[in-house]
Amino acid sequence: MSRIRAAVLCSFINLLTPNLIGNEMKKWLLFGLVLYSGQLLAFPRANPVPGGIAIIPVADATTTVTAPVVQYEGKRVTVAQQDGAWLALVGIPLDAQAGEHHLQAAGSLIPFEVQPKQYRTQRIRINDNNKVEPDDESSQRIVQELAVQKGIKSRYSPQAATLDFIRPAPGADTGRFGMRRIFNGQQRNPHSGMDIAAATGTPVKATAAGRVLHTGDFFFSGNVVYVDHGSGVISMYAHLSQIAVKPGDNLQQGDIVGAIGSTGRATGPHLHWSVYLNGEAVDPALFL
Ligand SMILES: [Zn+2]
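Source: prediction; values computed, not measured.

Cut-offs used in this document
Every chain begins its residue count from 1, and numbering advances along the sequence as written. Restriction of local features to residues with pLDDT of at least 70 applies here, the model being predicted, together with a cutoff of 80 or more for giving and counting side-chain atom pairs; totals for whole chains, interfaces and linings are based on all residues. The basis for the side-chain values is all heavy atoms of the structure; hydrogens and waters are excluded. For the purposes of this entry, the term helix denotes a DSSP run of H or I that reaches at least four residues, the term strand denotes a run of E that reaches at least two, and both are numbered from the N terminus. Burial status follows relative accessibility: with a 1.4 Å probe on protein chains alone, a residue under 20% of its type maximum counts as buried, one over 50% as exposed, and anything between as partly exposed. Two residues qualify as a contact provided that any one of their heavy atoms is within 4.5 Å of a heavy atom in the partner residue. Only the protein chains shown count as cover for residues, with accessible areas throughout obtained via the Shrake-Rupley method and a probe of 1.4 Å. Using a grid of 1 Å spacing that covers the protein atoms alone, one calls a set of points a cavity when a 1.4 Å probe fits there but cannot get out, and a pocket when the set is open and has protein on both sides within 12 Å along at least five of seven lines; lining residues are those with an atom within 4 Å of a point. Grid points are joined across faces, edges and corners, and a volume is the space filled by probe spheres set on the points. By the convention adopted, Pro, Cys, Tyr, Trp, Phe, Met, Ile, Leu, Val and Ala count as nonpolar, Lys, Arg, Asp and Glu as charged, and the other residues, Gly among them, as polar. All domain edges in this entry derive from an automatic or database-based domain assignment. Here the coordinating atoms are restricted to nitrogen, oxygen and sulfur within 2.8 Å of the metal centre, or 3.2 Å for Na, K and Ca, and because water is not among them the sites may look incomplete. Paired strands, in this sense, are two strands between which DSSP finds at least two bridges. Salt bridges are defined by distance alone: a side-chain nitrogen of Lys or Arg within 4 Å of a carboxyl oxygen of Asp or Glu. Two aromatic rings from Phe, Tyr or Trp, using only the six-membered ring of Trp, form a pair when their centres are within 6.5 Å; if the ring planes differ by under 30 degrees the pair is stacked, by over 60 it is edge-to-face, and anything between is tilted.

Asker: Help me out: how do you make sense of the overall build of the protein in this one?
Answerer: The number of helices and strands found in the protein is 3 helices and 21 strands. Within the span of the protein, comprising 288 residues, buried residues form 47% of the whole. Taking all contacts inside the protein whose residues are at least 6 apart in sequence as the whole, residues at least 24 apart take part in 66%. Approximately 14700 Å² of the protein is accessible, and the part contributed by carbon and sulfur atoms is 53%.

As structure tokens, this is what we get:
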């Protein structure tokens, strides 16, 4: 959407300056404007509900040069600049209570309001019942993996956040973020991402530029890739049939990270795509 708006702006500038400057000069001016508009407009939408994002102004960017350090429940929060302000992008936990919450910035508390949200229930049938009621060996594996995954998604790197996102794969939306899920009649954790169904082998693209943080094979997630987009913004691609990257790889937006599959706890081939802010899974649709 930001690209379309930038293109509209460009046409507008072109109309305003038909013959005043040379074509070469105009080309560079327009190129600069596209970049500027892209940066200016590539920002997630605010939706201050459990599993959503609160966007809170924390400082004046015209007088404060570096991004202020902001924390929420003891975790570093993504801070990015827009329209002359430093804005905190707070990932609100799916199990958060509605009401007043607080950010910590430079020793002071900044209050913000979390609105209530009811998510729908989804019933899912899994053929491999060990993925629903794991045996002892699997349970031990799950406990270890949850600790590893918690560490990965909570990673905070100091680079400025890249917030210009694309949908990582084509296909039907088969599982929305936040759904309460009942597997084989048993209540399990709510859905921490967006499911996109497509044929096995369909390429999966990096949603934004970043650096590969981790790749692995997890009990529930199957083959996964985690990408760090800077300042605590992390994306994750699960159930892959193949992984095409390795930790430390630098990616451009759209680079292929792997292929759609059905590894881990999956009913069929699909991509599970998660986005984390301050270690909390938030609705990826807010970035599109
Ligand atoms: Zn999923």
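Asker: Which parts of the structure should I look at to understand the layout of surface pockets?
Answerer: Any empty space left between atoms is shown by rolling a water-sized probe over those atoms. The volume enclosed by the largest pocket comes to roughly 1200 Å³. Considering the residues around the largest pocket, the lining is formed by 44 residues, among which Arg 181, Asn 189, Pro 190, Ser 192 and Arg 265 are closest to the centre. Elements represented by at least two residues in the lining of the largest pocket include exactly β8 (121-124), α3 (136-153), β10 (180-183), β12 (194-197), β16 (233-240), β20 (270-277) and β21 (280-282). Counting residues per element, the lining of the largest pocket draws most heavily on α3, at 6 residues. Among the residues making up the lining of the largest pocket, the classes are represented as 20 nonpolar, 13 polar and 11 charged. Built from parts of two domains, the lining of the largest pocket gets at least three residues from each of domain 2 (53-114) and domain 3 (121-287).

Asker: Hey, could you run me through the coordination of the zinc ion in this one?
Answerer: Ideal values differ by geometry: the angle at a metal is 109.5 degrees with four tetrahedral donors, but 90 or 180 degrees with six octahedral donors. Here the zinc ion is held by His 191 (NE2), Asp 195 (OD) and His 272 (ND1), and the distances to it run 2.0 to 2.1 Å. His 272 sits in the buried class, given a relative accessible area of 8%.

Asker: I would appreciate a short explanation of the sheet that holds strand β17 (residues 242-243) in the present structure.
Answerer: Backbone-to-backbone hydrogen bonds join strands into a sheet, with any given pair of strands oriented parallel or antiparallel. Taken together, 3 strands build an open sheet; the order of strands is β13-β19-β17 and the sheet is antiparallel. Each edge of the open sheet carries a strand with a single partner, namely β13 (203-205) and β17. Judged from the 3 bridges that link them, β13 and strand β19 (residues 256-259) form a sheet pairing that is antiparallel. Bridging from a neighbouring strand, Val 204 pairs with Gly 258 of β19.

Asker: It is not clear to me how the pattern of salt bridges should be interpreted in this structure. Could you clarify?
Answerer: Pairs can form between side chains of opposite charge once their charged atoms are near each other. As enumerated under the stated definition, the model contains 4 salt bridges in all. The residue Glu 280 makes a salt bridge to Lys 75 at a minimum N-O spacing of 3.3 Å. Here the residue Glu 280 occupies a position in strand β21, and Lys 75 occupies one in strand β3 (residues 75-76), the gap between them amounting to 205 residues. Owing to a relative accessible area of 19%, Glu 280 belongs among the buried residues under this scheme.

Asker: Hey, could you run me through the packing of aromatic side chains in this one?
Answerer: Aromatic rings in a pair are described by how distant their centres are and how their planes are angled relative to each other. The full count for this structure, using the stated rule, is 4 aromatic pairs. Between Tyr 72 and Phe 112, the ring centres sit 5.8 Å apart and the planes meet at 55°, which makes this aromatic pair tilted. Here Phe 112 lies in strand β7 (residues 108-114) and Tyr 72 lies in strand β2 (residues 70-72), a separation of 40 residues in the sequence. Across this residue pair, the class does not change: Tyr 72 and Phe 112 are buried. A centroid spacing of 5.0 Å and a plane angle of 80° characterise the contact between Phe 219 and Phe 220, whose relative ring orientation is edge-to-face. For Phe 219, a relative accessible area of 4% corresponds to the buried category.

Asker: Before we go on, may I ask you to explain unusual backbone geometry in this structure?
Answerer: Leave glycine aside and you will find that most residues have negative phi; peptide bonds, for their part, are mostly trans. Of note in this structure, Ala 106 is not a glycine but carries a positive phi near 50°. With respect to the helices and strands, Ala 106 occurs in the loop between β6 (99-105) and β7. Overall, Ala 106 belongs to the exposed group, its relative accessible area being 83%. Residues other than glycine seldom take positive phi values, yet Asn 184 does so here, at roughly 45°. Looking at the secondary structure, you find Asn 184 in the loop between β10 and β11 (186-188).

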